[in-house]
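The primary structure of each chain is shown beneath.
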Amino acid sequence: MSRPLPYTMSDVNYDNAKFRQRSLLQVIMQALQTSNVKRHSMSCSTGKFLALFLIFGLAYLMLTHSSHIHSDIRGLAKENMTAGEDNINLYGAGGIKRFWRKPPRLPPRLPPDDNVTSNSSKHALGTQGVNSKWLARQQSVKDAFVHAWSGYKSYAMGFDELMPVSQRGVDGLGGLGATVVDALDTAMIMGLDNVIHEAGSWVETHLSSRIDKKGQVNLFETTIRVVGGLLSAYHLSGGGQAMASTFKGPKPNVYLECAKNLADHLMNAFTSSPTPIPYSDVVLRDRTAHPAPDGLSSTSEVSTLQLEFNYLSTVCGDPKYSTAAMRVLEHLRTLPKVEGLVPIYISPQTGQFNGENIRLGSRGDSYYEYLLKVWLHQGSHANKDMSYLHDMYEEAMKGVRHLLVRKSVPNSLVFVGELPYGHDGAFSPKMDHLVCFLPGTLALGATKGIRKQDALKDNLLTFDDMENLRLAEDLAKTCFDMYAATSTGLAPEIAYFHTEEFSETGLDGGNKSSEYVHDIIIKPADRHNLLRPETVESLFVLYRITEDPKYREWGWQIFEAFEKYTKVESGGYSSLDDVTKIPPRKRDKMETFFLGETLKYLYLLFGETSVLPLDKFVFNTEAHPFPIKVAA
C-alpha cells in the first residue's frame, strides 16, 4: 500500500534536505560554502567584491521580478486556498512580503516502490473516468435498443421487420418473426429482462406452429438469423448447464427444440440436391426445397451454414446437421480457385462454380469469414480434421492482398476491389459496405482472438499474421472514412475509389471538410444506408485485439450519426435513401440485423472486454455468439 503524500502538518518535519524549508540567507551561505568560487576566489579582495556584488544583484532581481516568478503558482494556489485574506496578500503586489515569504513546500520523493504504487493509483483514477464515459455511451446504445424494440413491439410484433415511419410490420423473411429471434440474445447480453420475457414468450407461444405452417424461406437467411439466434439464446439462457440462467422467459430447451424443428425442415435443401451444394430455398409447410430461379446458389450462402449446424449437432447430440453442412466445405475444398479466391455463384446441379466474378462483397463475403470461424469454433489447433479450412483461409487472404488490395488517389486509402471478369479481366475499384467485415476477420485470424500484445509477447504471430493485421487496421480506417466522407456521417451501401485508372467527378459524399472527399466516389444508385453492422463489427474486434481507443471513438461517431438521422420518434430506426443529403429521406424499414448485430456490436465495443471474449466465443455472421468447442 502506498503511503499518503505528506501535505499535512504532521509531516512538516520530514527530513529531506532537498525539500526542507530554508531562508534565502541560508541558501546563499550554503552555496558559498560549498562552491569552488568560495575556495579559490574569496581569498582576494577582488573576489570578495565580486561575491558581494553578485549577492546584492541577485537580491535586487528577486525583489523586482518575483511577481513574474510566482505567476504560474498563483492560479494553483487560488484553487487550493482555504484560508482568508492574509493568504491572498502573500501573492499580492508587496515585493518585500513576496521576497521573504517561505517557498511552497514540495512533497518529498517517495521510495521507488511507493512511486510506482502512487502512479498506479493515479492511472486507476484516470481509467475510472474513462470507463465511466464509455459505460455512459454503452447505456446510450442500450437505450437505442429499447427504443428500437418498443417500435417493433408496438407496431410489428410477430412480423419479420418493422416499417417505423408507416408504423406497421412486414414479412420479408418468411414470416418467422425474424426480428424477435435476432434481437433476443442482444437483449440477454444487455440484461433487458422485459424484452427477454416478451421475445421469449413469443417464441414459446408462436414459433413452432409457424415453422410447420409457413411457406418459402431462404436457407441462408433463416439459418443465420433464426437458427443462429435460437441457439445463441439457448446457450446464454443456461442451456446445457453451460451458464446459470437469471433471465425471465422460457426454459433453454424451448429455444433448442425450436432450432431443431426448424433445422429439420431446412435439411431438405441438402437432401433434395443432387450434389453436396444445397438448394437455396425451402418451403416449410410441405418440407420441399428448390433452387433459385436461375438455378444457382450464392457461394457465400452455401458456405455460411456450418457454424450453426455444427453447434446444433453438438448440443442435441445428432451429427446429421453437421455432416450435411460440412460436406459443402469439403466439396468446395476440391474445386479450382484463383489464389484461394472463388467466384460468387455455384450450381447445386453440377457442384461447380459458375462464372468468374470474384468479390468479397455480396454473395462472396461470408465464405471467407466461415473458413476461419468454423475452424476456430471447432477448437482450431486441437482439431486436425478441420485444419484444411485454415489452410484455405490463409491462401485466400494472400490472394486478397495480391489481387484485390489497392490504394486510392490522392490520399492512399487502402481498399479491396473486385474482379468481375475473373483473374484476367479488368479490376474494379468498387467496395461494398459488406466488405467491411474483412478487417475484423483478418484481425481475428491473426491473433485467434487474443490480444495483440499477448500474441507478440508469446511469439504467436507469423509474417502473414502481421501482414493481415496491418491490412485489417488499414481497411478499418477506410471503412470508417466511408462514413466520415458523407454529409450524414453514415456510409453508403457501395463506394468506388479514385485510382490512377478510374476517376469520376461530382460524386463525392458531400462532406467537403473530409480529408478523403476526393478519394471516395458514391454513385446515385448506391447512396442508401441499411443500418448495416459490418464496420462496427470490425471496430469491435479490432478494439478487443489492439486495445486502440480510436476504434471506440469511431464507433461512437457512427452511433451518433445513427441517432441523429435514422431514429424515428414513435419507435424504431429507419434505413435511409441518400446519405449525401441533409435531411436524408427515410426508407421506412428497420432491418432485423440492426438489433441483432449493429447495436449489439456497439454495446460490446463500449463495454468490458471480459464479456464474450473472442478466444472463448465465435460470432456467427449475424452476430450470434457460440462457445468455442473445448477439446475433450
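One numbering rule holds for all chains: residues counted from 1, following each sequence as written. In keeping with the predicted nature of the model, local features appear solely for residues at pLDDT of at least 70, side-chain atom pairs appear and are counted solely at 80 or more, and the whole-chain, interface and lining totals rest on all residues. The side-chain figures draw on all heavy atoms in the structure; neither hydrogens nor water molecules are used.

On to the packing of aromatic side chains, then. Note on aromatic contacts: the rings of Phe and Tyr and the six-membered ring of Trp form a pair at centre separations within 6.5 Å, being stacked when their planes are under 30 degrees apart, edge-to-face when over 60 apart, and tilted otherwise. Inspection of the entire model under this criterion finds 18 aromatic pairs. The interplanar angle of 80 degrees and the centroid separation of 4.8 Å between the aromatic rings of tyrosine 367 and tyrosine 368 together place this pair among those described as edge-to-face. Across this residue pair, the class does not change: tyrosine 367 and tyrosine 368 are buried. Among the aromatic residues, ring-to-ring pairing joins Trp134, Trp556, Phe559 and Phe606 into one connected group. Over a ring means this: the NZ of a Lys or the CZ of an Arg is within 6 Å of the ring centre and within 35 degrees of the ring normal. In this arrangement the basic side chain of lysine 523 is found over the ring face of tyrosine 496, its NZ or CZ atom lying 4.2 Å from the centre. Classification of residues uses two cut-offs on accessible area relative to the type maximum, computed with a 1.4 Å probe and protein chains only: under 20% is buried, over 50% is exposed, and between them is partly exposed.

In this section: the side chain of glutamate 418. When you line up the elements, glutamate 418 lands in the loop between strand E10 (414-416) and strand E11 (430-432). Each polar contact in these results corresponds to two N or O atoms within 3.5 Å; when the atoms are within protein, one needs to be able to donate a hydrogen and the other to accept it, and residues that are neighboring in sequence are counted only if both atoms are side-chain atoms. There is a polar contact of 2.8 Å between the side chain of glutamate 418 and the side chain of lysine 430. With residues up to four places along the chain from it excluded, the contact list for glutamate 418 reads Ile358, Arg359, Leu404, Ala426, Phe427, Ser428, Lys430 and Asp432. Put simply, DSSP marks the helices as runs of H or I at least four residues long and the strands as runs of E at least two long, and each gets a number from the N terminus on. Any pair of residues with heavy atoms lying within 4.5 Å of one another is described as a contacting pair.

What follows deals with the sheet that holds strand E5 (residues 288-290). Should DSSP find at least two bridges between two strands, the strands are taken to pair. The sheet built from 3 strands is open, its strands ordered E3-E4-E5 with antiparallel pairing. Whereas interior strands pair on both sides, the edge strands pair on one side only; in this sheet they are strand E3 (216-218) and E5. Here the strands of the sheet are splayed against their neighbours by 30 degrees on average, with no regard to which way each runs. Bridge count between E3 and strand E4 (residues 281-283): 3 bridges; the pairing is antiparallel. Residue pairing for E4: asparagine 218 is matched across the bridge by aspartate 281. Convention adopted: a line fitted to C-alpha atoms gives each axis, helices being fitted over their contacting stretch, and angles between N-to-C directions are expressed from 0 to 180 degrees.

UniProt positions are given in the numbering used here, feature names are shortened, and annotations may be inferred rather than shown by experiment. As recorded in UniProt, the feature "binding site: Ca(2+)" (unreviewed entry) lies at Thr621. Tracing the chain through its elements places threonine 621 in the loop between strand E14 (617-619) and strand E15 (625-627). When near neighbours in sequence (up to four residues on either side) are disregarded, threonine 621 contacts Phe220, Ile224, Thr304, Ser366, Glu369, Tyr370 and Glu597. Here the side chain of threonine 621 touches glutamate 369 through a polar contact of 2.9 Å, side chain to side chain.

Below, the discussion takes up the state of the cysteines. For the purposes of this analysis, a disulfide is any pair of cysteine sulfur atoms at a distance within 2.5 Å. Tallied over the full model, the rule gives 1 disulfide. For cysteine 436, the disulfide goes to cysteine 479, at an S-S distance of 2.1 Å. Its torsion about the S-S bond being -100 degrees, the disulfide of cysteine 436 and cysteine 479 is classed as left-handed. Placement of the pair is cysteine 436 in the loop between E11 and helix H18 (438-447) and cysteine 479 in helix H20 (residues 463-484), with a sequence separation of 43 residues. In terms of burial, cysteine 436 and cysteine 479 fall into one category: buried.

The buried count for helix H14 (residues 306-316) comes to 8 of 11 residues, which makes it a mostly enclosed element. Regarding H14, the residues found buried are Gln306, Leu307, Glu308, Phe309, Asn310, Tyr311, Leu312 and Ser313. Two residues or fewer past H14, glycine 317 is found with a positive phi of approximately 75 degrees.

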